[in-house]
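# Chain and residue survey
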Amino acid sequence: MGTWTKGITTLPVKLGINLIGGPQGASRYEDVTKESANVFEARARHFIDGALSGNKNEAASATSFPLNIGSRRGLIRTRQELFRRWDEIFTPCLLSRLKLAVPHEMFVHDGLAMVSNGTVWFDAKGATSIDTPNCKRVS
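Residues numbered from 1 in each chain as written. Predicted model: local features only at pLDDT ≥ 70, side-chain atom pairs only at ≥ 80, totals over all residues. Heavy atoms only, no water.

## Looking at the pairing of strand E1 (residues 2–6)
As paired strands, E1 and strand E2 (residues 9–13) are joined by five bridges and run antiparallel to one another. Bridge assignment links Trp4 to a residue of E2, and that residue is Leu11. In this antiparallel pair of consecutive strands, E1 and E2, the connection spans two residues, and Gly7 shows a positive phi of 65 degrees. (Pairing = 2+ DSSP bridges. Helix = DSSP H or I, 4+ residues; strand = E, 2+ residues; numbered from the N terminus.)

In structure tokens:
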């Protein structure tokens, strides 16, 4: 905060960071959920932390089923199916991308919020889509 002066004109100035793509602060996720940003972001963090630590129950509790798996892998309809297909979904490549995920001030589009350039999208109930287009399958 401060002032800008040119000649005899002085104006107040306040500099800050403003991200492209919609509302900031408390209303950031209003197109996704009625919950506070803190609650919504905590759910996304639980999904990411569960995936990274291999805690299937933690990740599943922050998942909105059916979970769409990109690259033509279809839908995961239940918690049990997520557990069965865990290693197929949470590949080392995907996990390396999730390590960089920051579930704070997420980009929102069409009622969903994303982390890691769209690697995971979240709706009001949790992770709803995982897309790994740049990851190669690890055998």
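From this point, things continue past the structure.
## Section: the pattern of salt bridges
Scanning all chains against the criterion turns up three salt bridges. Taking the shortest distance from any N to any O, the salt bridge between Glu35 and Arg43 comes out at 2.8 Å. The partner of Arg85 in a salt bridge is Glu81, and the shortest N-O contact between them spans 3.6 Å. Each of the two residues, Arg85 as well as Glu81, counts as buried. Salt bridges here are not isolated pairs; linked through shared partners, they connect Glu81, Arg85 and Glu88. (Salt bridge = Lys/Arg side-chain N within 4 Å of Asp/Glu carboxyl O. Buried < 20%, exposed > 50% of the residue type's maximum accessible area, 1.4 Å probe, protein only.)

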